[in-house]
Amino acid sequence: MYTVTRQHQFPDGNNIVEVSAGGIDYCNPDALVAKYAGEFEVFADPREAVETAIEIVRDWRKDTREPIHIGIGVTGGLTMPFDPTTFKDARAWARKACELAPKCSECGGLLPPKRERFTHQLADGEEFCREYCAEENYRRSAEPEQEEN
């Protein structure tokens, strides 16, 4: 899970749009009130979070004419200002994070947080992104195997 916020960083005062891993409880505490679409949203896909952050950076720059940066990081629930990065590096990070993220055993999509995942009795440890995927997998698992001729 990734949360996008605008921050006025302490102690240096830099303006930065942060993509925080871990959801809303893991963003830095200096978040500004939401002004742009996508702020304080929680994204399962890091690519969506980064693209949203880039749009917010662009819009914020237009409104303020000040230097605005993008940063990506993990606070672990603490306060930790993120270092600025480029759009190119942010997108590369998002692609890599997506590659490494756990995937649905049925469709290969990104899995949601643990509490929102699905499974079934025949799954043998497999996890699914939505109820439909779990049902489809169960249906195939429950079908008797046909012998080959």
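Data block above holds the structure.
Now for a description of the structure that goes with this document. (Residues numbered from 1 in each chain as written. Predicted model: local features only at pLDDT ≥ 70, side-chain atom pairs only at ≥ 80, totals over all residues. Heavy atoms only, no water.)

Digging into the packing of helix H1 (residues 46–64) against helix H2 (residues 87–100)
- Contact geometry for H1 and H2: axes closest at 8 Å, N-to-C directions at 160°. With respect to H2, the element H1 is oriented roughly antiparallel. Note on packing geometry: the crossing formed by H1 with H2 is right-handed. In this structure, H1 contributes Pro46, Arg47, Val50, Glu51, Ile54, Val57, Arg58 and Arg61 to the contact, and H2 contributes Phe87, Ala90, Arg91, Trp93, Ala94, Arg95, Ala97 and Cys98.
- Of the residues in the contact of H1 with H2, the class split is 10 nonpolar, no polar and six charged. (Axes fitted to C-alpha atoms, helices over the stretch in contact; angles between N-to-C directions. Helix = DSSP H or I, 4+ residues; strand = E, 2+ residues; numbered from the N terminus. Parallel < 35°, antiparallel > 145°, perpendicular 65-115°, else oblique. Left-handed = near helix turned anticlockwise from the far one by under 90°. Contact = heavy atoms within 4.5 Å. Nonpolar A, V, L, I, M, F, W, Y, C, P; charged D, E, K, R; others polar.)

Quick notes on unusual backbone geometry
- Look at phenylalanine 40: it is not a glycine, yet its phi comes out positive at around 65°.
- Structurally, the position occupied by phenylalanine 40 is in the loop between strand E2 (15–21) and strand E3 (42–43).
- Under the relative-accessibility criterion, phenylalanine 40 is labelled partly exposed at 32%.
- In the Ramachandran plot, arginine 65 falls in the positive-phi region, its phi being about 60° despite a non-glycine side chain.
- Residue arginine 65 is classed as exposed on the basis of its relative accessible area of 73%. (Buried < 20%, exposed > 50% of the residue type's maximum accessible area, 1.4 Å probe, protein only.)

Overview of the environment of glutamate 66
- Checked against the element boundaries, glutamate 66 lands in the loop between H1 and strand E4 (68–73).
- Once the C-alpha coordinates of glutamate 66 and asparagine 15 are considered, the two residues, 51 residues apart in sequence, prove to be 8.4 Å apart.
- Once residues within four sequence positions are removed from consideration, glutamate 66 is found in contact with Asn15 and Arg61.

Quick word on the pattern of salt bridges
- By the definition in use, this model includes 10 salt bridges.
- A salt bridge links arginine 139 to glutamate 136, with the nearest nitrogen and oxygen atoms 2.7 Å apart. Separated by three residues within a single helix, arginine 139 and glutamate 136 lie in helix H3 (residues 131–142), roughly one turn from each other.
- The class of arginine 139 is partly exposed, set by a relative accessible area of 39%.
- Residues joined by salt bridges that share partners form a network here, namely Lys114, Arg117 and Glu127. (Salt bridge = Lys/Arg side-chain N within 4 Å of Asp/Glu carboxyl O.)

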